[in-house]
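# Observations on the three-dimensional arrangement
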Amino acid sequence: MEIIRALEFVDGKLKFIDQTKLPLKEEFVVTDNYERIAEAIEKLEIRGAPAIGIAAAYALTLAIRNNNTPAIFYNAYDRIFRTRPTAVNLFYALSEMKNIFELNKNSNEVYELLLVHANKIHQSDENMCNAMAKNGLEIFKKKSRVLTHCNTGALATGGNGTALNVIRYAFEKGMVDFVYADETRPLLQGSRLTAWELNKYGIPFSINTDSTAAVLMKQGKVDLVITGSDRIAVNGDAANKIGTYNLAVLCCYHKIPFYVAAPTTTIDKNSPNGDSINIELRNKKELTNFGTLQITCDDYDVYNPAFDVTPNHLIHGIITEKALHKPPYDFRNV
Ligand code: MRU
């Protein structure tokens, strides 16, 4: 199967695919400028919780390549910290990089040491993706029709993905018949990015509006739903792309199992439950405009949260690189 990599560190530069252009254009950006990477995270050229963390680690490394003073490092740290608030992977990566910097700030090799650590975060994410796929196979009791939301594939991680990689691996093992990809309003990560990946992998799929999920379930066309997560609280409440909670409620009504797949770097040990998760509110233009086309009046009020929180009792299982965790969830020591 085709291998896709959203990010690569090559010859002292970060190379990433500009996800805002997919699937119509496959354009890569190559940069050694941390500010450009911070912008890419804000604009969702780089997106998906694990990929954001990895990009942040490389960005901080690049920030001090030519001048490794604490002032430059902390300035870049603060800038990247403010890019997106929900994916906890970002904050884990920043905090690990800060520790490495503080331990080595007087060394001539601080850049090299930061790069080694950024590579380690990247490699470890790739390994976790593979382990999640294997642990997730257990949820397929028969050849299944799966519905998913947003994009949780290679584009969202440093490896082959979280939920979408569970689906892809199960497909390789003959356990996936068909995938329904929610288009994922407003930025269409499903109809643009998940569809692009599924097409490359040769997995049969169709795209549907988010509001079609209920009808598909009523028609008996969905055997299970799997999504990713941007932050999982200690009690298993899981923040993910807006619309995920709707799906979990629909699954409960239709008696369809709802699963979440995420690496343990998405678990926030400081969030006892979903109420303490910081949910990103995005620009009103994402709703008043469709791309560059204005579709409604600028002066209308808009509520545009990028994520919602699915309560733990609606989640049948949470797949991490360590195990398929079953309720009741307690991630204090995972
Ligand atoms: O706003 P995005 O596109 O960064 O949101 C991404 C998601 O919601 C994904 O489901 C989540 O990050 C898990 S990705 C492996």
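Residues numbered from 1 in each chain as written. Predicted model: local features only at pLDDT ≥ 70, side-chain atom pairs only at ≥ 80, totals over all residues. Heavy atoms only, no water.

## A closer look at the overall build of the protein chain
Along its length, the protein chain carries 10 helices and 16 strands. Since a compact globule built from 334 residues should have a radius of gyration of about 20 Å, the 19 Å found for the protein chain is in line with a globular shape. Expressed along its principal axes, the backbone C-alpha trace of the protein chain runs to roughly 65 × 50 × 40 Å. When each of the 334 residues of the protein chain is scored for burial, the buried share is 56%. Considering only contacts in the protein chain between residues 6 or more positions apart, those separated by 24 or more positions represent 75%. With an accessible surface of roughly 14,300 Å², the protein chain has 50% of that area assigned to carbon and sulfur atoms. Counting 37 positive and 38 negative side-chain charges, the protein chain places the centres of these two groups 4 Å from one another. (Helix = DSSP H or I, 4+ residues; strand = E, 2+ residues; numbered from the N terminus. Rg over C-alpha atoms; globule rule 2.2 N^0.38 Å. Buried < 20%, exposed > 50% of the residue type's maximum accessible area, 1.4 Å probe, protein only. Contact = heavy atoms within 4.5 Å. Areas by Shrake-Rupley, 256 points an atom, 1.4 Å probe, with all protein chains shown as cover. Lys, Arg positive; Asp, Glu negative; His and termini not counted. Charge placed at Lys NZ, Arg CZ, Asp CG, Glu CD.)

## Brief notes about the site of the ligand
Taken together, 18 residues are adjacent to the ligand, and R47, A49, R84, N240 and K241 come closest. Separating an oxygen atom of the ligand from a backbone N or O atom of G48 is a distance of 3.0 Å. Between the ligand and R84, the relevant distance is 2.8 Å, taken from an oxygen atom to a side-chain nitrogen or oxygen of the residue. Expressed as a share of its isolated accessible area of 410 Å², the protein-covered part of the ligand is 100%. Breaking the shell around the ligand down by element, the ones donating at least two residues are α2 (49-63) and β9 (238-241). Partitioning the shell around the ligand into residue classes produces 6 nonpolar, 8 polar and 4 charged. Counting residues domain by domain, the shell around the ligand receives three or more from each of domain 1 (7-130) and domain 2 (138-325). (Near = heavy atom within 4 Å. Polar contact = N/O pair within 3.5 Å; in protein donor to acceptor, adjacent residues only side chain to side chain. Nonpolar A, V, L, I, M, F, W, Y, C, P; charged D, E, K, R; others polar. Domains from an automatic or database assignment.)

## Points about the sheet that holds strand β16 (residues 324-325)
The 7 strands lie next to each other as β6-β5-β4-β7-β10-β15-β16, forming an open sheet whose pairing is mixed. Of all the strands in the sheet, the pair left with one neighbour each is β6 (205-208) and β16. Alignment of strand β5 (residues 176-182) against β6, held across 4 bridges, turns out to be parallel. Considered in β6, the bridge of V179 is made with F205. (Pairing = 2+ DSSP bridges.)

## Quick notes on the sheet that holds strand β3 (residues 28-31)
Remark on secondary structure: sheet strands pair via backbone hydrogen bonds, oriented parallel or antiparallel. Within the open sheet, the 3 strands sit side by side as β1-β2-β3. Their pairing is antiparallel. If you trace the sheet from one side to the other, it starts and ends with β1 (7-10) and β3, each paired once. The average angle at which neighbouring strand axes cross in this sheet is 20 degrees, direction not considered. Of the pairings in the sheet, the one linking strand β2 (residues 13-17) to β3 comprises 4 bridges and is antiparallel in character. Of the residues in β3, the one forming a bridge with I17 is F28. The strands that α2 touches are β1, β2 and β3; relative to β1, the one it contacts most, it runs at about 20 degrees. (Axes fitted to C-alpha atoms, helices over the stretch in contact; angles between N-to-C directions.)

## Here we look at the pairing of β2
Of the strand pairs in this sheet, β1 and β2 are connected by 4 bridges, and their pairing is antiparallel. Paired with E8 across the two strands is K15, which belongs to β2. In this structure, the hairpin formed by β1 and β2 is closed by a connection of 2 residues, where D11 is found at a positive phi of approximately 50 degrees.

## Section: the state of the cysteines
Counting across every chain of the model gives 0 disulfides. This cysteine, C252, is not joined by any disulfide, and C251 carries the nearest cysteine sulfur, 8.7 Å off. Residue classification places C252 among the partly exposed residues on the basis of a relative accessible area of 48%. (Disulfide = S-S within 2.5 Å.)

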